[in-house]
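# Structure assessment
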Amino acid sequence: MDEIIKVDSIDQYNKLFGFETLSPLVTVVDLSEAQVWPEHFRFNYGVYCLYLKEAICGEISYGRQSYDYQEGSVIAFAPGQTANVKMTPGTKPTGLGLLFHPDLIKGTTLGREISRFTFFSYAVNEGLHLSAQERKIVVDCFDKLRYEVGREIDKHTKRLITANIGLLLDYCMRFYDRQFITRQHVNSDVLTKFEGLLNDYFENDKLRRSGLPTVKYFADKVFLSPNYFGDLVKKETGKTAQELIQAKIVDLSKEQVLGTTKTISEIADDLGFQYSQHFSRMFKKAVGCSPNEYRRLQS
């Protein structure tokens, strides 16, 4: 297994591939200009990265998933993520890369909004595939950022750099929305599987053995990252995956409260709640009254 290279600074990344460091907190690179590019390496990122890949030249994997990236696609990584890169022998990467340190956006509008860009936590096989027009827009954003990073620093520099990074990320969010729409048939398959998995979880003994299910549990079952899965469900149904799981729990709770003579503690235990108080609190928040009150009112 190759050693993991921890990239905690912009200068460290630039030195690895022979790029010039113009700013300690941000860089825009043309990957074809790299002086060194090993065929196989593993990165643990301590910075934000966004790459526009221009051609098929290798395989990138993140977690259990791999992705042979196509022309005009975008992938992103957040600090803490590890990526495995394996180049096709005899090829060099082409495309553009933006890397920025978390310190760059501290105290800025972008820093306050960075969690909104959930695609930083998507798996590599969930990359953004661009149309020709979308690619032009993304390249234009990279060009503006490269200009700002390369010019002499003045009082406007940081604001313009962070604003242009935000613009690029906003465009990526828009294009991902388009991608979700154009892949509705695939998304429908995921939702169908999610519904089946949800029913299966509650119809079997998994609640007693494993407790209440998480969004990550279902995302893993359909081979998607939790963020991508959550965004897909939200865009397709208007509700979050957690809300759908909660609705299933509430429906089952009502059935147990009205259709059995079990105590509330027994029902809570059957539904995977560690404490009956937590079950009662969840039930009252969702239904408007306690389980005992609901049983009495409906009898």
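Right, let's walk through the structure included here. (Residues numbered from 1 in each chain as written. Predicted model: local features only at pLDDT ≥ 70, side-chain atom pairs only at ≥ 80, totals over all residues. Heavy atoms only, no water.)

### Observations regarding the overall build of the protein
Convention followed: For helices the rule is a DSSP run of H or I covering at least 4 residues; for strands it is a run of E covering at least 2, with both sets numbered from the N terminus onward. To measure how exposed things are, a 1.4 Å probe is used in the Shrake-Rupley method; for residues, cover is taken only from the protein chains shown. Counted charges follow a simple rule, with Lys and Arg positive, Asp and Glu negative, and His plus the chain ends left uncounted. Throughout, a charge is located at the NZ atom of Lys, the CZ atom of Arg, the CG atom of Asp or the CD atom of Glu.
A count of helices and strands for the protein gives 12 helices and 10 strands. Judged by the C-alpha coordinates and their principal axes, the protein covers about 75 × 45 × 35 Å. Here the protein displays about 15,600 Å² of accessible surface, and carbon together with sulfur accounts for 50% of that area. Seen as two clouds, the 38 positive and the 38 negative side-chain charges of the protein have centres 5 Å apart.

### Quick look at the environment of S290
To keep things clear, this is the line we draw: A contact between two residues is defined here by any heavy atoms of the two lying within 4.5 Å.
By the secondary structure assignment, S290 is in the loop between helix 11 (276–287) and helix 12 (291–298). Linking S290 and G111, residues 179 residues apart in sequence, is a C-alpha distance of 41 Å. Beyond its immediate chain neighbours, meaning those up to four positions away, S290 contacts F283 and K284.

### Looking at the packing of aromatic side chains
Under the convention used in this document: Each Phe, Tyr or Trp ring (for Trp, its six-membered ring) is paired with any other whose centre lies within 6.5 Å, and the angle between the two planes then decides the class: stacked below 30 degrees, edge-to-face above 60, tilted in between. Relative accessible area decides the class of each residue, using a 1.4 Å probe on protein chains only: under 20% of the type maximum gives buried, over 50% gives exposed, and in between gives partly exposed. Only when the NZ atom of a Lys or the CZ atom of an Arg is both within 6 Å of the ring centre and within 35 degrees of the ring normal do we say a charge sits over the ring.
A full pass over the atoms with the stated rule returns 25 aromatic pairs. Measuring from ring centre to ring centre gives 4.8 Å for Y122 and Y228, while their planes differ by 80°; the resulting arrangement is edge-to-face. Pair noted here: Y122 is in the loop between helix 2 (109–113) and strand 10 (128–129) and Y228 is in helix 8 (residues 226–237), with a separation of 106 residues, a long-range link. When sorted by exposure, Y122 lands in the same class as Y228, which is buried. An aromatic cluster is built from Y48, F100, F117, F119, F120, Y122, Y176, F180 and Y228, whose rings are joined through pairwise contacts. The aromatic ring of Y51 is capped on one face by K53, whose charged end is 4.6 Å from the ring centroid.

### Things to note about helix 3 (residues 132–150)
Cut-off, in case you're wondering: Given the number of residues in a helix, its expected span is that number minus one, multiplied by 1.5 Å.
With 19 residues, helix 3 should cover 27 Å at 1.5 Å per step; its first-to-last C-alpha distance of 27 Å lies within 8% of that length. Its buried side turned inward, helix 3 meets strand 2 (26–30), strand 4 (48–53), strand 9 (95–100), strand 10 and helix 4 (157–182).

### Quick look at the pairing of strand 9
This is how it is decided: Two strands form a pair only when DSSP identifies at least two bridges running between them.
Within strand 9, 6 of the 6 residues are buried, which leaves the element mostly enclosed by the surrounding structure. Burial along strand 9 is two-sided: the residues G95, G97 and L99 and L96, L98 and F100 are all buried. Pairing of strand 2 with strand 9, which is carried by 5 bridges, proceeds in the antiparallel orientation. Bridge pairing links T27 to L99 in strand 9. Bridge analysis of strand 4 against strand 9 gives 6 bridges, and the strand direction is antiparallel. Residue pairing for strand 9: L50 is matched across the bridge by L98.

### Observations regarding the pattern of salt bridges
Heads up, the condition is: Just to be clear on terms, a salt bridge is a Lys or Arg side-chain nitrogen sitting within 4 Å of an Asp or Glu carboxyl oxygen.
Inspection of the entire model under this criterion finds 12 salt bridges. Residue K15 is joined to D11 by a salt bridge in which the shortest nitrogen-to-oxygen separation is 3.1 Å. One end of the pair, K15, and the other, D11, are both in helix 1 (residues 10–17), 4 residues apart, so they sit about a helical turn from each other. Residues joined by salt bridges that share partners form a network here, namely E113, R116 and D170.

### Quick word on the packing of helix 3 against helix 4
This is how the line gets drawn: For helices, the fitted line uses only the C-alpha atoms of the stretch in contact; every axis is such a line through C-alpha atoms, and the angle between N-to-C directions lies from 0 to 180 degrees. For classification, angles of less than 35 degrees are called roughly parallel, those exceeding 145 degrees roughly antiparallel, those between 65 and 115 degrees roughly perpendicular, and all remaining angles oblique. By convention, the crossing between two helices is left-handed when the near helix turns anticlockwise from the far helix through less than a right angle, and right-handed when the turn is clockwise. Note that Gly is not counted as nonpolar here; it falls among the polar residues with everything else outside the nonpolar set of Ala, Val, Leu, Ile, Met, Phe, Trp, Tyr, Cys and Pro and the charged set of Asp, Glu, Lys and Arg.
Packing of helix 3 against helix 4 leaves a shortest axis separation of 9 Å and a crossing angle of 165°. Here helix 3 lies roughly antiparallel to helix 4, going by the angle between them. Seen from above, helix 3 lies across helix 4 with left-handed handedness. Of the residues in helix 4, those in contact with E134, I137, V138, C141, F142, K144, L145, E148 and V149 of helix 3 are T157, L160, I161, N164, I165, L167, L168, Y171, F175 and R178. Of the residues in the contact of helix 3 with helix 4, the class split is 13 nonpolar, 2 polar and 4 charged.

### A word on the packing of helix 9 (residues 241–259) against helix 11
Closest axis-to-axis distance for the helix 9/helix 11 pair is 11 Å, and the angle between their directions is 105°. Here helix 9 is positioned roughly perpendicular relative to helix 11, judged by the angle of their axes. For the pair helix 9 and helix 11, contact is made by Q246, I249, V250, S253, K254 and V257 and by F279, M282, F283, A286 and V287, respectively. When the residues that make up the contact of helix 9 with helix 11 are grouped by side-chain class, the tally is 8 nonpolar, 2 polar and 1 charged.

### Re the nonpolar core
Filter applied, for reference: In this description, a nonpolar core means a group of buried Ala, Val, Leu, Ile, Met, Phe, Trp, Tyr and Cys residues linked to one another through side-chain atoms lying within 4.5 Å.
If you look at the biggest cluster of nonpolar residues, it comprises 68 residues, and the most contacted ones within it are F100, F119, F120, I165 and F229. The dominant element in this core, judged by the number of residues it contributes, is helix 4, at 9 residues. The contact partners of F100, leaving out residues within four places of it in the chain, are I10, L25, V26, V47, Y48, I105, I114, F120 and I165.

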